[in-house]
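These are the residues of each chain, in order.
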Amino acid sequence: MAAMEMFWAMPPVTRTLIAAAVGLSWPAHLINMPDPYYLYFLDYKVLTLKAFPEIWRLVTPFLLTGPKLSLILDPYFLYMYGSELELRSSRFSDPGDFLVYMVFVSVVIL
């Protein structure tokens, strides 16, 4: 099976999370563009009225992986566990349940 066929065969939420994590982390850690400092959650940058609030800082910490070996292992484990939860878990029977779960967990962590 080719890589693109494997990518499109993944469940939709897992596929989107992996694509976002790889698309954000690889440029940030390999070529330092954008600088990872601009992706971390800093409450004084998000919760401000003096300047334009940097809303992306609410989402990017969940998608940014660590450098070196984490660039490969984090998307791999996201694929392994995310696809199993999305497809075979008895708790996520409807198609949107896994997405609602991921959003809920992210909000609780923030």
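Predicted model, so just to flag it, every value in this text is computed and none were measured.

**Some remarks on the environment of Arg91**
Among the structural elements, Arg91 can be located in the loop between helix H5 (70-88) and helix H6 (97-109). In this structure Arg91 comes out as exposed when scored by relative accessible area, which is 73%. Residues Arg91 and Pro53, spaced 38 residues apart in sequence, show a C-alpha to C-alpha distance of 36 Å.

**Observations regarding the pattern of salt bridges**
If charged atoms from side chains of opposite charge come close, those side chains can pair. All chains considered together, the criterion is met by 1 salt bridge. In this structure, Glu84 engages Arg88 in a salt bridge whose closest nitrogen and oxygen atoms are separated by 3.0 Å. Residue Glu84 and its partner Arg88 are located together in helix H5, separated by 4 residues, close to a single helical turn. Residue classification places Glu84 among the partly exposed positions, given a relative accessible area of 40%.

**Examining H5**
For H5, which comprises 19 residues, the first-to-last C-alpha distance of 26 Å matches the rise-based estimate of 27 Å (1.5 Å per residue) to within 8%. For H5, the set of buried residues is Leu71, Pro75, Gly82, Ser83 and Glu86. Looking straight down H5, one finds its buried side chains confined to an arc of 100°; they lie on one side. Summarising the geometry of H5, the exposed residues directed more than 90 degrees from the buried face are Tyr81 and Arg88.

**A word on the packing of helix H2 (residues 12-30) against H5**
Direction vectors running N to C along H2 and H5 enclose 170°, while the axes themselves pass 9 Å from each other. Taken together, the axes of H2 and H5 lie roughly antiparallel to each other. Together, Pro12, Val13, Thr14, Leu17, Ile18, Val22, Ser25, Trp26, His29 and Leu30 of H2 and Leu71, Pro75, Leu78, Tyr79, Gly82, Ser83 and Glu86 of H5 make up the contact between the two elements. Across the contact of H2 with H5, the residue classes tally to 11 nonpolar, 5 polar and 1 charged.

**As for the environment of Tyr81**
With respect to the secondary-structure elements, Tyr81 resides in helix H5. By relative accessible area, which is 56% here, Tyr81 ends up exposed. Taking the C-alpha atoms as reference points, Tyr81 and Val108, 27 residues apart in sequence, are found 20 Å from one another.

Cut-off values and rules
- Residues numbered from 1 in each chain as written.
- Predicted model: local features only at pLDDT ≥ 70, side-chain atom pairs only at ≥ 80, totals over all residues.
- Heavy atoms only, no water.
- Helix = DSSP H or I, 4+ residues; strand = E, 2+ residues; numbered from the N terminus.
- Buried < 20%, exposed > 50% of the residue type's maximum accessible area, 1.4 Å probe, protein only.
- Salt bridge = Lys/Arg side-chain N within 4 Å of Asp/Glu carboxyl O.
- Expected span 1.5 Å × (residues − 1).
- Arc of directions from axis to C-beta.
- Axes fitted to C-alpha atoms, helices over the stretch in contact; angles between N-to-C directions.
- Parallel < 35°, antiparallel > 145°, perpendicular 65-115°, else oblique.
- Contact = heavy atoms within 4.5 Å.
- Nonpolar A, V, L, I, M, F, W, Y, C, P; charged D, E, K, R; others polar.

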